[in-house]
Amino acid sequence: MPLLVTPALPPGSLAAQEQPHLRVRPGLALRPWRDEDAPVVRAAFDCPTIQRWHVRRLDSDDEARAWTAQWAVHWRAETAVSWAIVEDDDRPVGQTGLRDVLLSEGSAQVSYWLLPDARGRGLATEALGALTLWSFTQAGLHRLELNHSTANAASCRVATRGGFAVEGVARQSMRHADGWHDMHQHARLRTDGPICSAGLRPADETRGQVG
Ligand SMILES: CC(C)(COP(=O)(O)OP(=O)(O)OC[C@H]1O[C@@H](n2cnc3c(N)ncnc32)[C@H](O)[C@@H]1OP(=O)(O)O)[C@@H](O)C(=O)NCCC(=O)NCCS
């Protein structure tokens, strides 16, 4: 049965290029994951809060290496993308990226976490701003969704400060270790206007790309 709508983005839109390095601001950047980041990833998934909201743990260094290696595969398959959030020393302090990338609909789901020591400085909001800017101006996506448990107040603040409007509550739509959680659905459209997060002002729209 022929489709009556053309894909929002053609296949190959992402995979035709290498995953870029994104500059957030001086001293903060997003870069692709590397094998040697595995110990940091293992430490992240030892954090009870990350385990709680991302519903996974890592049990070995091999699993951590598999975690870092998967992103090159997902990039080529155009299904997901993840960046390490790094400060001046290039050591990851967190991750942000997109899951459930659907080029045909021009949409994706946002994900982020920070290691405990990196929290409390607004880094997730800044990283989300750079991710959003890249998604709309470079990747050509149309809609980004951001879902978090209604019990995750910090994530709600990050979403709100990142300009992701609340669209509603999906009742008991996700299971966590302690049972079903209502999920707050936020979304941002490319047409929602300039990115005004804590880290990016409208005049900064040329930033966020280093290549
Ligand atoms: C969510 C997360 C990335 C935010 O990290 P961060 O950028 O350091 O966030 P901050 O500490 O700057 O806090 C952001 C806002 O949330 C508020 N906040 C932080 N912890 C909070 C809590 N436990 N309850 C209520 N508000 C909280 C802060 O006061 C701040 O509010 P403001 O915007 O009004 O200043 C981080 O907490 C984290 O990695 N959590 C575990 C993983 C996770 O939850 N991922 C998201 C899954 S959807």
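What you see is a predicted model, and the numbers here were worked out from it, not measured in a lab.

Participant: Which parts of the structure should I look at to understand the side chain of H181?
Facilitator: Take H181: it is sitting in strand 8 (residues 179–189). Within the structure, H181 has its side chain in polar contact with the side chain of S149 (distance 2.7 Å). Filtering out sequence-adjacent residues up to four positions away, H181 remains in contact with R52, W53, S149, A151, A170, Q172, S173, M174 and H176.

Participant: I'm lost on the packing of aromatic side chains in this one. Help?
Facilitator: Working definition: an aromatic ring pair is given by the centre-to-centre distance plus the angle between the planes. Going through the model one piece at a time under the given rule, you end up with eight aromatic pairs. With 6.2 Å between their ring centres and 40 degrees between their planes, W33 and W113 make a pair best called tilted. One end of the pair, W33, is in the loop between strand 2 (28–31) and helix 1 (38–44); the other, W113, is in strand 5 (residues 107–114), with 80 residues separating them in the sequence. Note on W33: relative accessible area 10%, which makes it buried. Note on F45 and W113: the rings are 5.6 Å apart at their centroids and 80 degrees apart in plane angle, and the pair reads as edge-to-face. Note that F45 is positioned in the loop between helix 1 and helix 2 (48–54) and W113 in strand 5, a separation of 68 residues in sequence. Judged by relative accessible area, W113 falls into the buried class, the value being 6%.

Participant: Help me understand unusual backbone geometry in this model?
Facilitator: In this structure, V55 is a non-glycine residue whose phi angle is positive, near 50 degrees. Looking at the secondary structure, you find V55 in the loop between helix 2 and helix 3 (61–77). In this structure, D90 takes a positive phi of about 70 degrees despite not being glycine.

Cut-offs and rules
Residues numbered from 1 in each chain as written. Predicted model: local features only at pLDDT ≥ 70, side-chain atom pairs only at ≥ 80, totals over all residues. Heavy atoms only, no water. Helix = DSSP H or I, 4+ residues; strand = E, 2+ residues; numbered from the N terminus. Polar contact = N/O pair within 3.5 Å; in protein donor to acceptor, adjacent residues only side chain to side chain. Contact = heavy atoms within 4.5 Å. Phe/Tyr/Trp six-rings, centres within 6.5 Å; stacked < 30°, edge-to-face > 60°. Buried < 20%, exposed > 50% of the residue type's maximum accessible area, 1.4 Å probe, protein only.

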